[in-house]
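Structure at a glance
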Amino acid sequence: MSNPDTPISNGRESSVTHDAPNAAQLMRRRAEDMALEKLAQLPQSLQVLSPEEMQQLMHELAVHQIELEMQNDELRRVQLELEASRARYFDLYDLAPVGYITVSDAGVILEANLTAATLLGVPRSALVKRPISRFIVKSQQDIYYQYRKQLMETGQAQTCELQVLHSEGSALWVSLAATVAQETDESTVLRVVLNDISERKLLDQSLRETNVKLESALFLADKANLAKSEFLSGMSHELRSPLNAVLGFAQLIETGTPAPTPDQQASLEQILRGGWYLLTLINEILDLSLVESGKLSLSMEPILLSEKFSDCRAMIDPQAQKAGIRVSFASFDSPCFVEADRTRLKQVIVNLLSNAIKYNRAGGSVEVSCSTPTAGRIRISVIDTGPGLSDNKLAQLFQPFNRLGQEAGTQEGTGIGLVVCKRLVEMMGGAIGVHSRVGIGSEFWFELKLAAPPQTGVSGEASELTQAQVQDGAEVSTLLYIEDNPANMELVERLLERRSDLRLLKAGNGSSGIALARMHRPQVILMDINLPGINGFQALKTLREDPATQHIPVLALSANAMPHDIQAGLAAGFLRYLTKPIKIKELMQAFDVALEAAKLPQ
């Protein structure tokens with residue numbers, strides 16, 4: 001090899017190759033001298049040989065000479081192979097991808113390969129006969145001593161990671177793997193393998209820093225989501241409270257006696273339309289926020305599709321009839337179940353149907369069809385005869401608040417519904433898409449997994465109480481309403497004027513409401529959540545802990561309408577959790593359910 005560092009600098013280099021000619025000549029002279037000595041020692045009788053005997057002797061000598069030459073050739077061949085093998089071993093040892101070091105039991109480096117020298121940035125001669133601790137970072141030397149102690153005590157291979165010094169002064173991370181070995185002179189040495197892991201350590205450090213940044217970003221995101229949720233919840237409450245008065249009194253006037261005049265009725269319809277639209281906008285924003293934050297929980301179960309179609313038809317028929325649009329639904333030869341959330345599936349279908357009706361042509365149609373594009377899945381398509389969508393508009397679908405240029409049109413909308421539908425379908429394990437042709441119409445479709453029919457059986461739970469009919473002469477029950485908002489209190493008071501079976505008690509805060517409940521023992525309590533002093537949850541807890549009031553059904557009526565608010569209310573023990581603005585029919589039905597519950601044996 002041309003590199004002067006190539007041979008092992010361990011003081012043990014062989015001189016066979018350099019001194020081979022001199023050794024051969026020396027051996028020749030010694031052989032001749034020995035032959036002459038032996039010839040001189042032969043008896044006199046053997047020194048005088050006949051020609052025939054001499055010829056025989058010469059023959060035998062020639063044969064022996066040939067045998068010796070053949071043996072010499074074989075020895076030379078073996079020697080060359082040995083030297084070639086030794087050279088290959090030196091190459092493998094020196095040029096190995098890891099550093100090799102032999103260390104004495106006193107900690108002194110005896111041998112080192114070229115890779116180890118290169119790793120530390122020094123010539124091999126600077127390594128041999130130097131303490132290995134000289135090349136270990138001072139703060140890391142205790143690690144090496146503990147590692148060496150354990151190795152010597154157990155005799156088993158050990159590994160550790162520490163920093164070594166480069167000749168330029170920088171520190172490198174290496175992995176040490178060592179074993180104990182016995183030399184030919186029975187001295188104990190350590191065979192040490194060094195592997196550069198600096199790059200891996202840098203990656204580990206980078207990964208740790210990235211994880212810290214991600215955790216910080218996640219914390220900030222969670223904090224922002226919480227602030228967003230609190231803002232939306234507060235916004236919902238603040239908007240629902242005045243909406244409750246607007247829509248409640250408008251419904252009261254609309255259904256009052258005497259009936260409103262045609263002009264008044266037209267004005268009321270505008271008020272109600274605008275109010276319910278604003279409520280829809282609030283609900284859709286809350287839905288989108290919940291879906292995007294990942295906090296929307298689904299209750300997946302097998303849903304009978306024909307039954308869900310019937311529910312959607314009942315909801316959408318008034319809108320279709322008013323717009324003059326014919327709506328048809330697919331029929332099923334056998335029961336078809338899909339795996340979905342009952343409420344959210346209905347929300348998706350109704351939203352697609354509502355859009356298909358709103359953006360259809362006069363006298364158009366909407367068809368709901370079903371197909372099975374792949375095994376185990378069903379595709380539900382809502383096909384309309386509207387103007388269709390261009391490729392440019394199709395590319396903008398499913399973007400929040402993008403109404404595709406319909407903002408100036410007569411149809412109301414938020415541009416949120418389709419976005420929510422897409423997220424809901426995907427959360428239910430499905431997919432959603434659209435096909436459209438300008439001038440012909442559009443097909444909005446979504447796919448869900450098919451489900452096996454649910455196991456039928458008799459439910460152990462009590463069935464929902466039916467609505468009681470108010471008749472003349474019926475027993476009068478007491479309803480305690482706990483509410484701090486005068487407009488809401490007046491609205492319920494006006495509504496109860498139509499219920500001859502209910503007498504109203506009023507309380508402006510939770511504490512006075514509890515006192516009235518203990519005094520009058522009402523049959524039903526209707527309670528707001530955000531009350532001055534103690535809130536609705538605290539008031540309910542107090543009522544439930546008092547044997548005198550724990551049996552009274554309590555209805556919640558609140559502008560806190562987030563799904564988690566409703567779930568928390570029902571979990572706390574409210575019989576029903578109603579949200580503002582009030583829907584008169586829904587409120588009256590809740591009263592009937594509560595009155596029936598009050599009659600049940602305690």
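Up top is the structure these notes are about.
Remember, it's a predicted structure, so these values are computed and weren't measured experimentally. (Residues numbered from 1 in each chain as written. Predicted model: local features only at pLDDT ≥ 70, side-chain atom pairs only at ≥ 80, totals over all residues. Heavy atoms only, no water.)

The subject of this paragraph is helix α5 (residues 141–154). Over its 14 residues, α5 runs 20 Å from end to end, which matches the ideal 20 Å to within 8%, given 1.5 Å per residue. Inspection of α5 places Q141, Y144, Y147, R148 and L151 among the buried residues, and these make up the whole buried set. Mapping the buried residues of α5 onto a view down its axis gives an arc of 120 degrees, with all of them on the same face. Residues of α5 that are exposed and point more than 90 degrees away from the buried face comprise D142, Q146 and E153. (Helix = DSSP H or I, 4+ residues; strand = E, 2+ residues; numbered from the N terminus. Expected span 1.5 Å × (residues − 1). Buried < 20%, exposed > 50% of the residue type's maximum accessible area, 1.4 Å probe, protein only. Arc of directions from axis to C-beta.)

Turning our attention to a nonpolar patch on the surface. Together, M54, L57, M58 and L61 make up an exposed nonpolar region whose accessible area comes to about 350 Å². Summarising the element assignment, L61 is placed in helix α3 (residues 51–94). In this structure L61 comes out as partly exposed when scored by relative accessible area, which is 46%. (Patch = residues over 30% accessible without salt bridge, like charges linked within 9 Å, V, L, I, M, F, W, Y side chains within 5 Å. Areas by Shrake-Rupley, 256 points an atom, 1.4 Å probe, with all protein chains shown as cover. Salt bridge = Lys/Arg side-chain N within 4 Å of Asp/Glu carboxyl O.)

Glancing now at the state of the cysteines. One pass over the full model with this rule turns up 0 disulfides. Looking at the unpaired C336, the closest cysteine sulfur is the one in C370, lying at 6.6 Å. (Disulfide = S-S within 2.5 Å.)

Once that is clear, we can look at the pairing of strand β14 (residues 502–507). Pairing geometry for strand β13 (residues 477–482) and β14, over 6 bridges, is parallel. If you follow L479 over to β14, its bridge partner there is L504. Assessed by its sense of winding, the connection that carries the chain from β13 through helix α12 (residues 486–496) to β14 is right-handed. (Pairing = 2+ DSSP bridges. Right-handed = clockwise from strand over helix to strand, strands pointing away.)

Below, the discussion takes up the packing of helix α8 (residues 305–323) against helix α9 (residues 342–358). At a minimum axis separation of 10 Å, α8 and α9 run at an interaxial angle of 30 degrees. As summarised for this structure, α8 and α9 are arranged roughly parallel, according to the angle between their axes. The chirality of how α8 crosses α9 is right-handed. Contact with α8, carried on its side by L305, E307, K308, F309, D311, C312, M315, I316, Q319, A320 and A323, involves R342, L345, K346, I349, V350, L353, S354, I357 and K358 of α9 and no other residues of that element. Looking at the contact of α8 with α9 residue by residue, the classes come out as 12 nonpolar, 2 polar and 6 charged. (Axes fitted to C-alpha atoms, helices over the stretch in contact; angles between N-to-C directions. Parallel < 35°, antiparallel > 145°, perpendicular 65-115°, else oblique. Left-handed = near helix turned anticlockwise from the far one by under 90°. Contact = heavy atoms within 4.5 Å. Nonpolar A, V, L, I, M, F, W, Y, C, P; charged D, E, K, R; others polar.)

This next bit is on the packing of helix α13 (residues 510–520) against helix α14 (residues 536–545). When two helices pack together, their arrangement is captured by the angle between the axes and the distance separating the axes. Axis separation between α13 and α14 bottoms out at 10 Å; the angle between their running directions is 25 degrees. Compared by their axis directions, α13 and α14 come out roughly parallel. Regarding α13 and α14, the two cross each other, and that crossing is right-handed. Each of I514, A517 and R518 in α13 lies in contact with α14, whose residues at this interface are A539, T542 and L543.

What follows covers the sheet that holds strand β16 (residues 554–558). Across the sheet, 5 strands lie side by side as β14-β13-β15-β16-β17; this open sheet has parallel pairing. Whereas interior strands pair on both sides, the edge strands pair on one side only; in this sheet they are β14 and β17 (576–579). Within the sheet, the average angular offset between the axes of one strand and its neighbour, ignoring direction, is 20 degrees. As judged from the 4 bridges shared by β16 and β17, these two strands associate in the parallel manner. Within the sheet, the bridge partner assigned to S558 lies in β17 and is T579. Contacting β15 (524–527) and β16, α14 runs over the sheet at an angle of about 160 degrees to β15.

Any link to function would need more than the numbers given here.
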